[in-house]
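The residues making up each chain are set out below.
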Amino acid sequence: QALGGQAGIALIVEGLLINISDNPRIVHHFEDTDIDRLHDMLIEQFCFEAGGPCEYTGDSMIDSHAGMQINEGEFNALVEDLVDAMQAQGVPVTAQNRLLARLAPMRGDIIYR
């Protein structure tokens, strides 16, 4: 609920995707991505990680990022874009930190894959 429920999570994801599209550090990683699917999977994942009623049905982070060779700076750029999207929606910092803490363990499954 601190993220604004399902509607709030959808707005956060939309903001994140816009931020990524404007971010020259990482946008190239999304050139061949099915953005509609990514949108839906991010909503599921954020909802699940936030303790909502959703179930994440997407691929594992290892499988999703295989061959991408994302480095730490690029990973951090995406996190910055996510924080900016949450701030734009007025998500309290404590709620932002809770979501980020739930997502942080995935870092090792994403970078240098």
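The structure presented is a predicted model; accordingly, all values stated were derived computationally and were not measured.

### What about the packing of helix α1 (residues 5–21) against helix α4 (residues 72–88)?
- One way to put it is that α1 packs onto α4 with a least axis distance of 8 Å and a crossing angle of 135°. Judged by the angle between their axes, α1 and α4 are oblique. Two packed elements cross with a definite hand, and for α1 against α4 that hand is right-handed. Here Ile 12, Gly 15, Leu 16, Asn 19 and Ile 20 of α1 come into contact with α4, specifically with Leu 78, Asp 81, Leu 82, Asp 84, Ala 85 and Met 86.
- Partitioned by chemical class, the residues of the contact of α1 with α4 number 7 nonpolar, 2 polar and 2 charged.

### Points about the environment of Asp 81
- The topology assignment puts Asp 81 in helix α4.
- On the accessibility criterion, Asp 81 (7% relative accessible area) is buried.
- As a C-alpha pair, Asp 81 and Ile 110 span 29 residues in sequence and 16 Å in three-dimensional space.
- Once residues lying within four places of it in the same chain are set aside, the contact partners of Asp 81 are Leu 16, Asn 19, Ile 20, Asn 23 and Ile 26.

### Some thoughts on the environment of Ala 88
- Mapping Ala 88 onto the fold places it in helix α4.
- Look at Ala 88 and you get exposed, because its relative accessible area is 63%.
- When the C-alpha positions of Ala 88 and Thr 33 are compared, they lie 24 Å apart, and in sequence the two are 55 residues distant.

### Describing the nonpolar core
- By size, the foremost hydrophobic cluster in this structure holds 31 residues, and its most contacted members are Leu 3, Phe 46 and Met 86.
- Mapped onto this core, the elements with two or more residues apiece are α1, α2 (35–49), α4 and α5 (93–103).
- No other element matches α1, which puts 7 residues into this core.
- The residues touching Met 86, leaving out its near neighbours within four places in the chain, are Leu 3, Ile 12, Val 91, Gln 96, Leu 99 and Leu 100.

### Observations concerning the pattern of salt bridges
- Evaluation of the coordinates by the stated rule reveals 3 salt bridges.
- Put simply, Glu 49 and Arg 102 hold a salt bridge, and the shortest N to O gap is 3.2 Å. Taken together, the positions of Glu 49 in helix α2 and Arg 102 in helix α5 put the pair 53 residues apart, joining distant regions of the chain.
- A relative accessible area of 10% means that Glu 49 is categorised as buried.
- A salt bridge links Arg 107 to Glu 72, with the nearest nitrogen and oxygen atoms 3.4 Å apart. Of the two residues, Arg 107 is situated in helix α6 (residues 107–110) and Glu 72 in helix α4; the sequence distance between them amounts to 35 residues.
- The partly exposed category is assigned to Glu 72, whose relative accessible area is 38%.

About the thresholds
Residue positions are given per chain, counting from 1 as you read along its sequence in written order. Residues qualify for local features only when their pLDDT is at least 70, as the model is predicted, and side-chain atom pairs are given and counted only at 80 or more; totals for whole chains, interfaces and linings, by contrast, use all residues. Just so you know, side-chain values use all the structure's heavy atoms and leave hydrogens and water out. Axis geometry follows a simple rule: fit a line to the C-alpha atoms, using only the stretch in contact for helices, then measure angles between N-to-C directions, giving values from 0 to 180 degrees. Starting at the N terminus, helices and strands are each numbered in turn, a helix being any DSSP run of H or I of at least four residues and a strand any DSSP run of E of at least two. By definition in this entry, angles of less than 35 degrees are roughly parallel, angles greater than 145 are roughly antiparallel, angles of 65 to 115 are roughly perpendicular, and the rest are oblique. Take the far helix as the reference: if the near one is turned anticlockwise from it by less than a right angle, the crossing is left-handed, and if turned clockwise, right-handed. Residue contacts are defined here by distance: any two heavy atoms, one from each residue, within 4.5 Å place the two residues in contact. Under this grouping Gly is polar, as are all residues other than the nonpolar Ala, Val, Leu, Ile, Met, Phe, Trp, Tyr, Cys and Pro and the charged Asp, Glu, Lys and Arg. The cut-offs for exposure are 20% and 50% of the maximum accessible area for each residue type, with area from a 1.4 Å probe on protein chains only; residues under the lower value are buried, those over the upper are exposed, and the others partly exposed. Buried residues of nine kinds, namely Ala, Val, Leu, Ile, Met, Phe, Trp, Tyr and Cys, make up a nonpolar core once their side-chain atoms join them within 4.5 Å. Whenever a carboxyl oxygen of Asp or Glu lies within 4 Å of a side-chain nitrogen of Lys or Arg, that contact is scored as a salt bridge.

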